[in-house]
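In case you want the letters, here they are:
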Amino acid sequence: MQIIGGIIVILAFAAIIKKYETRMVLFGSGLLMCVIGGVPDTAITTFSKQMVHNSLVPTICTVMGFSYVMKLTECDRHLVSSISGVLKKSKIFLIPLAFLLTWWINIAIPSAAGCAAAVGSILIPTLMAAGVHPAMAASVVLAGTWGSAISPGTSHNPFVADLAGVDVMTVIMNEAPAAIITSLICIAVLTAVAVVRKEGPSEERAQAYMVSGEESAASQEFKVNPLKALVPLVPLVLLILGSKQVAVLPLVSVPMAMISGVLLGLLVTLTNPQEATKKFFEGMGNAYGSVVGLIVAAAVFTAGMKAMGLTDALINVMKGSESIAQVAGAFGPFIIAIISGSGDAAALAFNGAITPHAADFGMTIMNLGSLAQMTGAIGRSMSPVAGAAIVCAGLAKVSPMEMTKRNALPMLASVIAFMVLFG
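Along each chain, numbering runs from 1 in the same order as the chain's sequence is written. Local features in this predicted model are restricted to residues whose pLDDT is 70 or higher, and side-chain atom pairs enter the listing and the counts only when it is 80 or higher, whereas totals over whole chains, interfaces and linings include all residues. With hydrogens and water stripped out, all remaining heavy atoms of the structure feed into the side-chain values.

Asker: Could you give me a rundown of the overall build of the protein, with the residues and numbers involved?
Answerer: Counting secondary structure elements, the protein contains 22 helices and 0 strands. To get the radius of gyration, use the C-alpha atoms; to get the globule rule, take the number of residues to the power 0.38 and multiply by 2.2 Å. In terms of overall size, the protein behaves like a compact globule, its C-alpha atoms giving a radius of gyration of 21 Å where 423 residues would be expected to give roughly 22 Å. Once the C-alpha set of the protein is aligned to its principal axes, its extents read approximately 65 × 50 × 40 Å. Burial here depends on accessible area, computed with a 1.4 Å probe over protein chains only, as a share of the maximum for the residue type. Under 20% is buried, over 50% is exposed, and the range in between is partly exposed. A burial count over the protein gives 53% of its 423 residues as buried. Nonlocal contacts in the protein, meaning residues at least 24 apart in sequence, comprise 79% of its contacts between residues at least 6 apart. Only carbon and sulfur atoms are counted for the fraction: they give 68% of the accessible area of the protein, which is about 17200 Å². Charged side chains in the protein number 23 positive and 20 negative. The centres of these two groups are separated by 5 Å. Helix numbers and strand numbers start at the N terminus; a helix is a DSSP run of H or I with at least 4 residues, a strand a run of E with at least 2. Any pair of residues with heavy atoms lying within 4.5 Å of one another is described as a contacting pair. The method behind every accessible area is Shrake-Rupley, applied with a 1.4 Å probe, and residues are considered shielded solely by the protein chains displayed. The convention is simple: Lys and Arg are positive, Asp and Glu are negative, and His and the chain ends are not counted. Here the site of a charge means NZ on Lys, CZ on Arg, CG on Asp, or CD on Glu.

Asker: Explain unusual backbone geometry to me, and be specific about the residues and the numbers.
Answerer: One non-glycine residue, Glu74, lies in the positive phi region at around 65°. Unusually for a residue other than glycine, Lys198 sits at a positive phi of about 55°. Here Lys198 lies in the loop between α10 (168-196) and α11 (203-212). The class for Lys198 is exposed, based on a relative accessible area of 69%.

Asker: Hey, could you go over the packing of helix α8 (residues 134-143) against helix α22 (residues 400-421) for me, with residue numbers and the actual values?
Answerer: At their nearest, the axes of α8 and α22 sit 9 Å apart, and the two run at 50° to each other. Viewed along their axes, α8 and α22 adopt a mutual orientation that is oblique. Where α8 crosses over α22, the two elements pack in a sense that is right-handed. Residues Ala135, Met136, Ala138, Ser139, Leu142 and Ala143 of α8 pack against Glu402, Met403, Arg406, Asn407 and Met411 of α22. Note on geometry: axes are lines fitted to C-alpha atoms, helical ones only across the stretch in contact, with angles between N-to-C directions running from 0 to 180 degrees. In these notes the angle categories are as follows: under 35 degrees is roughly parallel, over 145 is roughly antiparallel, 65 to 115 is roughly perpendicular, and the rest is oblique. Crossing handedness: left-handed means the near helix sits turned counterclockwise from the far one by under a right angle, and right-handed means the same turn made clockwise.

Asker: Account for the nonpolar core, naming residues and giving values.
Answerer: Buried Ala, Val, Leu, Ile, Met, Phe, Trp, Tyr and Cys residues that are joined via side-chain atoms within 4.5 Å together make up what is termed a nonpolar core. By size, the foremost hydrophobic cluster in this structure holds 124 residues, and its most contacted members are Phe99, Trp146, Phe301 and Phe418. Counting residues per element, this core draws most heavily on α10, at 11 residues. Residues within four places of Phe301 in sequence aside, it is in contact with Val9, Ala12, Phe13, Leu26, Ser29, Gly30, Met33 and Ala349.

Asker: Please set out empty space enclosed by the protein residue by residue, giving values where relevant.
Answerer: If a probe the size of a water molecule is rolled over the atoms, the empty space left behind becomes visible. Both cavities and pockets are sets of points on a 1 Å grid over the protein atoms alone; in a cavity a 1.4 Å probe fits but cannot get out, in a pocket the set is open with protein on both sides within 12 Å along at least five of seven lines, and lining residues sit with an atom within 4 Å of a point. Grid points are joined across faces, edges and corners, and a volume is the space filled by probe spheres set on the points. What the rule picks out here adds up to 2 cavities of 30 Å³ or more. Here the largest cavity defines a volume of roughly 60 Å³. What lines the largest cavity is Val63, Phe66, Ile107, Ala108, Pro110, Ser151, Pro152, Gly153, Pro232, Pro235, Leu236 and Met258. At the level of elements, α4 (56-73), α6 (94-108) and α14 (234-241) are the ones that each hand at least two residues to the lining of the largest cavity. A class-by-class count of the residues in the lining of the largest cavity yields 10 nonpolar, 2 polar and no charged. Roughly 40 Å³ of internal volume is contained in the second largest cavity. The wall of the second largest cavity is formed by Phe66, Ser67, Met70, Asp76, Ala108, Ile109 and Pro232. Here the lining of the second largest cavity takes 3 residues from α4, the largest share from any one element. Note that Gly is not counted as nonpolar here; it falls among the polar residues with everything else outside the nonpolar set of Ala, Val, Leu, Ile, Met, Phe, Trp, Tyr, Cys and Pro and the charged set of Asp, Glu, Lys and Arg. Among the residues forming the lining of the second largest cavity, the class breakdown is 5 nonpolar, 1 polar and 1 charged.

Asker: Let's hear about the layout of surface pockets: which residues, and what values?
Answerer: By volume, the largest pocket amounts to about 1200 Å³. It is α4 that provides the largest number of residues to the lining of the largest pocket, a total of 7 residues. Put simply, the second largest pocket is a space of about 480 Å³. Together, 23 residues line the second largest pocket, and Thr46, Gln50, Ala299, Thr302 and Gly352 are the ones closest to its centre. Elements that contribute at least two residues to the lining of the second largest pocket include exactly α3 (40-51), α9 (156-164), α16 (273-307) and α19 (344-353). In terms of residue class, the lining of the second largest pocket is made up of 11 nonpolar, 9 polar and 3 charged.

Asker: Can you lay out the environment of Tyr68 for me, pointing to particular residues and giving the numbers?
Answerer: Structurally, Tyr68 can be placed in helix α4. Setting aside residues up to four positions removed in sequence, Tyr68 forms contacts with Lys279, Glu282, Gly283 and Asn286.

Asker: For the pattern of salt bridges, give the residues involved together with the corresponding values.
Answerer: Salt bridge, as applied in this entry: a Lys or Arg side-chain nitrogen positioned within 4 Å of an Asp or Glu carboxyl oxygen. Scanning all chains against the criterion turns up 7 salt bridges. Glu21 serves as the salt-bridge partner of Arg23, at 2.7 Å between the closest nitrogen and oxygen. Where Glu275 meets Lys278, a salt bridge forms, and the shortest distance between an N and an O atom there is 3.8 Å. In this pair, Glu275 and Lys278 both sit in helix α16, 3 residues apart, roughly one turn of the helix. Residue classification places Glu275 among the partly exposed residues on the basis of a relative accessible area of 38%. Through salt bridges with shared partners, one network takes in Arg197, Glu199, Glu402, Lys405 and Arg406.

Asker: Let's hear about the packing of aromatic side chains: which residues, and what values?
Answerer: Stacked, edge-to-face and tilted are the three classes for Phe, Tyr and Trp ring pairs, Trp counted by its six-membered ring, which pair at centre distances within 6.5 Å; planes under 30 degrees apart are stacked, over 60 edge-to-face, the rest tilted. In total, this model carries 8 aromatic pairs according to the counting rule given. Measuring from centroid to centroid gives 5.9 Å for Trp146 and Phe418, while their planes differ by 75°, and the two rings are edge-to-face. A residue pair is termed long-range when its members are at least 10 positions apart, and Trp146 in the loop between α8 and α9 and Phe418 in helix α22 qualify at 272 residues. When its relative accessible area of 0% is taken as the criterion, Trp146 is described as buried. On the basis of an interplanar angle of 15° and a centroid distance of 5.7 Å, the ring pair of Phe418 and Phe422 is categorised as stacked. Accessibility assignment for this pair places Phe418 and Phe422 in one class, buried. Aromatic rings pair up to connect Trp103, Trp104, Trp146, Phe418 and Phe422 into one cluster.

This is how it looks when you write it as structure tokens:
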């Protein structure tokens, strides 16, 4: 049974890497394993239970709804534009600042591809205008798109919080110090790569770029409204001030923070409430179909693994060895994310099957769960087939593989750093 189950799991991840529909692959293989394991009803019960999860569904859907409204009101563009002005005055720190800006904005705009489009459309031309090599400019923005790993809007933090029996801000506060330290390591290595390759700011490249006239007139004429720029940050501020750790405000839930942000956005921008409402629910629907749908399919997959005895077998192999669990939690999602362009499937499967048993390996659920989801996001930030990579490549007019070459060392260093910090 375990051998058959192992073959099905390998074939499932091979299919995901080959770009077959991830939800279909995870649900189909999970259902097959449940049938072979003699518990077909478990697959359907798991499916139904996850569809109406009382904490994951409201959190993920309201975050995406908020994101859609921010795009409609252009508040996200005002935020990015307001910060990008800092870059033009700090050429010596251009690459580190560009990474940090992308990383922190990605917390407010948790979609990697969405952040790459919003931030990249402004920062990549800004970097190129300062003489940064186009491939390096795109690589810096792509590298920063794992900042969402400490966002309440990513699907993984609520998932890990549910496993650990804590609120989502407790998980984020636990992983944030390690994530910030790792981001600084990532910056250092990425900057070193730019220096060695001589792809940092260059007057010669800057003049060539300006002569080419590629900087759009629209980006030059855009006027930032400070109030609009602050709106995307409001939910994050509310969640931090209302968390159990800070407790300046009464406890603030993710849906409350996001809806407050939407209402404030309507007041600041005077957007038509009907249009905003349509966008909010469109975002919620998209989140349910894509993100929640993936969580549901991954839950069926892990139920199938358990039915085939694979989960118990993996736990027995890892039991008593924290190092094995750390390596599996770090490099499993990392490698699959690089190849497939998404760290979600691998991280959700690992966290669903293995992370609940973290105590058996001498680790906590929060640390092991965070390690798996962080390294999956980091792997996606160097994948040539990730949606964010394709967006950045298009903006810089370079091959996605050129970004993978430049981000390989920084991302590998980041994964190793997380293993050490969560050890």
